Amino acid sequence: MTKQEQLEKLIKELRTNVPDITGVMVASSDGLSIASDFPEEEGARIAAVGAAASGLGNRIAQNAALGAVSETMVKGTDGLLLIYMTGDEGVLAIRAPARGNLGLVRLEASAACEEVKKILG
Amino acid sequence: MNEITRQILDQIPSNVKFSEEDAELLIKHKDKLLEWEDGLIEGFYDSLFNHDTTRAVFEEGERPAREQTLRDWYRRTLNGPFDDNYWEWQTYVGLVHIKRKVNNAMVAGMWGWIATYLGRKALEEFPQEEALKLISAVHSLQANVTALIVESYLKNMFVAIDKAAGLSEALLGRLVATEIDDMLAKAKSS
């Protein structure tokens, strides 16, 4: 199985395990979508702003002495976007409803992050 | 030569870039060009101080120091050599311009003024053929120096944004790419 296929399989599993999730994306740290099930018209923008949010989150953490960043979250009235670094080169972005099961999303996201790291290795 | 300077100069077509022949010509005529120095300095800063936006760049009483800076640059240019240090210095100016809030429109405008001033003087004081060669050399110098200053200004902005906000130049490029088509469409329709 190619890396692309492995990532697509992982995204499908994540969506199956947590039906609340409304979009998953793996992008490079410079904002290029690698694998995603976001609608195509949203994909490029979410990859770019997701990577930007992750980069900015890291700088905020450094400047505010917060230690290593485990998650960057943008919460709106209609939903939230969780962004995770997957090693130095990748980013995992997950969109979920604002009132969804955040605990479960985070649990699955943490496992997915480790998997993405291995795949992109 | 440092990486940023080399990268910028590599963008300029070789037939436009400042050449050995250009350097030799400027140095050959340096005595005459140095006679034009006072007029160049005075005209340059008169232009800047007679315009509100450019005058605002300077602090009270700063003009003599800035005039000396331009004088030093002019003499260093005419004395050569056009080595790595010289071009890296022009790149450094872009960084200084960020700090001093000297934008690229100001640089382009004032380099146009320098080229026009030196061109007029050349046509007044040299036979036409030699004057045209000198004008061409000045234009090539203008191409190199403005390229280094304005690109270094932009590239160093990107570096500063990356350092401050964690947004690499590649990522900024990606962010721009997500918006540029809409911006072009709007600009075209307006």
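The preceding data block contains the structure.
Residues numbered from 1 in each chain as written. Chains lettered and ligands numbered in written order. Predicted model: local features only at pLDDT ≥ 70, side-chain atom pairs only at ≥ 80, totals over all residues. Heavy atoms only, no water.

Caption draft 1: Up close: the overall build of chain B. Scanning chain B for helices and strands turns up 10 helices and zero strands. In chain B, the succession of α and β elements from N to C terminus is α-α-α-α-α-α-α-α-α-α. Relative to its 190 residues, chain B shows a buried fraction of 42%. Contacts spanning at least 24 positions in sequence make up 77% of the contacts within chain B whose residues lie at least 6 apart. Summed over its atoms, the accessible surface of chain B is roughly 10800 Å², and 54% of this surface lies on carbon and sulfur atoms. The distance from the centre of the 22 positive side-chain charges to the centre of the 31 negative ones in chain B is 3 Å. (Helix = DSSP H or I, 4+ residues; strand = E, 2+ residues; numbered from the N terminus. Buried < 20%, exposed > 50% of the residue type's maximum accessible area, 1.4 Å probe, protein only. Contact = heavy atoms within 4.5 Å. Areas by Shrake-Rupley, 256 points an atom, 1.4 Å probe, with all protein chains shown as cover. Lys, Arg positive; Asp, Glu negative; His and termini not counted. Charge placed at Lys NZ, Arg CZ, Asp CG, Glu CD.)

Caption draft 2: Quick look at helix α8 (residues 104-125) of chain B. Residues and elements named next belong to chain B. A rise of 1.5 Å per residue sets the reference length of α8, with its 22 residues, at 32 Å; its end C-alpha atoms lie 31 Å apart and thus fit the reference within 8%. Within the span of α8, buried status applies to Asn 104, Met 106, Val 107, Met 110, Trp 111, Ile 114, Ala 115, Tyr 117, Leu 118, Gly 119, Lys 121 and Ala 122. For α8, the secondary structure elements touched by its buried residues are α3 (30-35), α4 (37-49), α5 (52-55), α6 (63-79), α7 (84-100) and α9 (128-165). For α8, the N-terminal capping position is held by Asn 103, with its side-chain oxygen 3.1 Å away from the main-chain nitrogen of Ala 105. (Expected span 1.5 Å × (residues − 1). Polar contact = N/O pair within 3.5 Å; in protein donor to acceptor, adjacent residues only side chain to side chain.)

Caption draft 3: Quick peek at the interface of chain A and chain B. Of the residues lining the interface, 14 residues belong to chain A; the matching set on chain B comes to 14 residues. Each partner contributes to the roughly 1000 Å² buried at the junction of chain A and chain B, and carbon and sulfur atoms together form 56% of this total. Considering only the side of chain A, the residues that lose the most area to chain B are A:Asp30, A:Arg45 and A:Arg59, jointly responsible for 51% of the buried surface there. Viewed at the interface, chain B and chain A are joined by four salt bridges. Among the ionic pairs, B:Arg174 bridges to A:Asp30, the shortest N-O distance being 3.2 Å. (Buried area = accessible area lost by both parts, 1.4 Å probe. Salt bridge = Lys/Arg side-chain N within 4 Å of Asp/Glu carboxyl O.)

Caption draft 4: Representation of the pattern of salt bridges in the model. Using the criterion set out here, one finds 24 salt bridges over all chains in the structure. Close ionic contact of A:Glu42 with A:Arg95 constitutes a salt bridge, the shortest N to O distance being 3.0 Å. Here A:Glu42 is found in helix α2 (residues 40-63), whereas its partner A:Arg95 is found in strand β5 (residues 90-96), with 53 residues between them in sequence. B:Arg66 is paired through a salt bridge with B:Glu62; the nearest N and O atoms lie 2.7 Å apart. A relative accessible area of 10% means that B:Glu62 is categorised as buried.

Caption draft 5: Local environment of the side chain of B:Glu62. Residues and elements named next belong to chain B. Examined against the element boundaries, Glu 62 turns out to sit in the loop between α5 and α6. A polar contact is formed between the side chain of Glu 62 and the backbone nitrogen of Glu 59, at a distance of 2.8 Å. The contact partners of Glu 62, leaving out residues within four places of it in the chain, are Val 57 and Arg 100.

Caption draft 6: Inspection of the nonpolar core at higher detail. Residue and element names in this part refer to chain B. In terms of nonpolar packing, the biggest core is built from 46 residues, with Leu 26, Trp 36, Trp 87, Leu 118 and Leu 141 touching the most fellow members. For this core, the secondary structure elements donating two or more residues are α1 (3-10), α2 (20-28), α4, α6, α7, α8 and α9. In terms of residue count, the dominant contributor to this core is α9 (10 residues). Residues within four places of Trp 36 in sequence aside, it is in contact with Tyr 74, Tyr 117, Leu 118, Lys 121, Ala 122, Glu 125, Phe 126 and Leu 134. (Core = buried A, V, L, I, M, F, W, Y, C linked by side-chain atoms within 4.5 Å.)

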